[in-house]
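Structural features, examined
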Amino acid sequence: MVKTIKYTKLSYLLQSVLVLATMCSLFFVTQHEVSSSGIGLFIRKSIVCAIVIYVVQYIIGCSFFHVRWLTQLFVMVWWYAFSLYKCFYMGVGDIFENEIFIGTYGAAFFIVTQYYCEKFTTSSVFFVLADIVKLLLCSVTFVTLIHYKIYGYPIVYEEMLAVYNTTYNEAVEWITTYVGLSNLLLLLLVGGFLLVILQVIRKKEMYCYPHSNLPRNKFLVIVVMIALAYYPTVTLADTDWVKDYVSAVNYSNDIKNYGEYVSNSIETIQLSSEKKITTNPHTVVMVIGESASRNYMKIYTPDFPYDNTPWLCDCSNNRDFIVFSNAYGCHSLTQQVLENALTEKSQYNEKDFLNSMNIIDVAKKKGYKTYWITNLAGGDGASTFSLVASRADVIYREASEYDDNMLKYLYKINPEENNFIVFHGNGSHASYSARYPDGYTVFHDNSREAEYSNAIRFVDDFLKNVYEYGNNNLNLQAMLYFSDHGENLVTGHGPSDRSFDKVRIPMFIYLGKEFQKNNMDKYESLVANKSTFFTNDMIYNTFLGIINAECNYYDSGEDLSSSHYSHTIDDLYTFGKTVKILKDPFLH
Ligand SMILES: [Zn+2]
């Protein structure tokens, strides 16, 4: 039955009050420790919102909670439900006022948009477009919900920083590993299905409840529409994970001046001694591992069923190799780790990245020709480690399928010079099976452990190749390997759950005979510290110690090759200084 909409100003007023009451109830239900000024502010904002709702009803000549706005009110219900879900199910202690206002203003915006389309347009394209925008606005919350489903924790800022700095390939691999293509397809199908449902209901509403013939100014409606869109658009940037993403973008833009700072500081580096680790031309190598966890490596976990570190196991019997048994990532995400590991910045000092000296510039000062060889795609300068990489004399960056492609650059290096070479590949980063060629598969059972073990074994082979070539051709005198962070084979290495397999990392140092002869004290300190607890944000100082580059940007307390190394398990932290190493459950 077709009913023309009737309106009364009293019903508009009552419905505005109802909107106000609903918003306030939701706010008080989801708040735990809000101050009285916070309550006052919310109430004032809500009253403004209720007045806006009254104006909207007056302009369109229809009440807000009318059944003809079912598909528009869906947006409000969705965001309200989301704030309740976050509060009671996810246990997030945030203020949910943004979610509440996005829902209310969002619904009002779509109501006015619908009114405009019905009154002033004839094309159905606008209706469909409005429905797509509705779904997009709601889909913002899906990111949080999917993340929670996978990890059991809300999204944190560091993850958004990683997302901002990720590459297309990495993103695709994350989706295929943790979401799965079938689930992604299912999500798209659900989205498509919802779009169809919205169309059907909306057409029925339009047919059953045509608008009255009230004369309305088209431009007034457009102005109201734009005004209503403003609040959800601006607030969205300050809500949930979007807020963290925006902060990540701002941070990444801030640090782009790193090169400028360092350029100004190089002249101020004062080395304590000009003495090199050996007088002959030699090479020092640093290999930065990716996502290697001690928990799933034979050398550290002898009862692990896969023999995935045969070369390293052999090396551990060689006195030139020092395999450290208690090394930890200072965080579980690449960027957060490497901005600490490669620079002065650590969890134990107050330095910020922009004001921190780095391994490359100190090595250059020490007379090394510096090389950065990476197999990571991208490298647009946005991440802290690519900013450090950009300081190298020579950069070889190629996003090849497998890390062993980096070896071809090693073969180009001049043995007559003192070289410092950094390798940064994909290591055993998910998805694991993409890290090694099919023909390489050593462990054939169809499990994540087997795939991960193949990837770790491929890294083991890579390390062996680097060592052997360096030793035979470049007078390799020091080689340092450490993983940026570890890995959990189910949830990856997102920091939300603080799972310790994500920070228990492998690390070893090889020292050549000439090094040992000329720097016996350092060799002995390193051997003595084999089982000492260590976090990889101290790599910078340890590396400086190894290459005899003690200087005014050096702290012996963080140098494993120094007798002044001052840290013990009691004062070490991980996950960005939020968890003590003492809490590692695998230690007990
Ligand atoms: Zn990483």
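Note that the coordinates shown come from a computational prediction; the quantities given were computed from them, not determined experimentally.

Another point: the overall build of the chain. For the chain, the helix and strand inventory stands at 20 helices and 11 strands. The principal-axis extent of the C-alpha atoms belonging to the chain is close to 95 × 50 × 45 Å. Relative to its 588 residues, the chain shows a buried fraction of 56%. A separation of at least 24 residues holds for 77% of the contacts in the chain among residues at least 6 apart in sequence. In the form shown here, the chain has an accessible surface area of approximately 24,900 Å², with 59% of it arising from carbon and sulfur atoms.

Our focus in this paragraph is the domain arrangement of the chain. How big an interface is tends to be reported as the loss of accessible area on association of its parts. Domain boundaries assigned for the chain yield domain 1 (9-249) and domain 2 (280-587). Relative placement of domain 1 and domain 2: their C-alpha centres are 45 Å apart. With 16 residues of domain 1 at the contact, the number on the domain 2 side is 22 residues. Across the interface of domain 1 and domain 2, roughly 1,500 Å² is buried in total on both sides, 55% from carbon and sulfur atoms.

As summarised here, the arrangement of the seven strands in space is β2-β8-β7-β1-β6-β4-β5, forming an open sheet in which the pairing is mixed. Strands with a single pairing partner mark the edges of an open sheet, and in this sheet they are β2 (321-324) and β5 (394-397). The average angle at which neighbouring strand axes cross in this sheet is 10 degrees, direction not considered. When strand β4 (residues 369-374) meets strand β6 (residues 419-424), the two strands line up parallel, connected through six bridges. When the bridges of β6 are listed, Ile373 appears paired with Phe423.

Let us now look at the pairing of β4. Most of β4 sits inside the fold, with five of its six residues counted as buried. Here β4 runs beside β5; their pairing, made up of four bridges, is parallel. The partner of Ile373 across the bridge, within β5, is Tyr396.

Most of strand β1 (residues 283-289) is tucked away, with seven of its seven residues classed as buried. Residues Thr283, Val285, Val287 and Gly289 point to one face of β1 and Val284, Met286 and Ile288 to the other, with burial holding for every one of them. Judged from the six bridges that link them, β1 and β6 form a sheet pairing that is parallel. Within β6, the position partnered with Ile288 by the bridge is His424. In this sheet, strand β7 (residues 476-483) lies alongside β1 in parallel orientation, the contact comprising seven bridges. Pairing of Gly289 across the sheet is with Ser483, part of β7.

Attention now moves to the coordination of the zinc ion. Those protein atoms acting as donors to the zinc ion are Glu290 (OE), Glu290 (OE), Thr334 (OG1), Asp484 (OD) and His485 (NE2), and they sit at 1.9 to 2.4 Å. Every donor residue of the zinc ion comes from the same chain, spaced as E-x43-T-x149-D-H. Taken as a pair, Glu290 in the loop between β1 and α12 (310-315) and Asp484 in the loop between β7 and β8 (507-511) lie far apart in primary sequence, 194 residues in all. Judged by relative accessible area, Asp484 falls into the buried class, the value being 0%.

Rules behind the numbers
- Residues numbered from 1 in each chain as written.
- Predicted model: local features only at pLDDT ≥ 70, side-chain atom pairs only at ≥ 80, totals over all residues.
- Heavy atoms only, no water.
- Helix = DSSP H or I, 4+ residues; strand = E, 2+ residues; numbered from the N terminus.
- Buried < 20%, exposed > 50% of the residue type's maximum accessible area, 1.4 Å probe, protein only.
- Contact = heavy atoms within 4.5 Å.
- Areas by Shrake-Rupley, 256 points an atom, 1.4 Å probe, with all protein chains shown as cover.
- Domains from an automatic or database assignment.
- Buried area = accessible area lost by both parts, 1.4 Å probe.
- Pairing = 2+ DSSP bridges.
- Axes fitted to C-alpha atoms, helices over the stretch in contact; angles between N-to-C directions.
- Donors = N, O, S within 2.8 Å, 3.2 Å for Na, K, Ca; no water.

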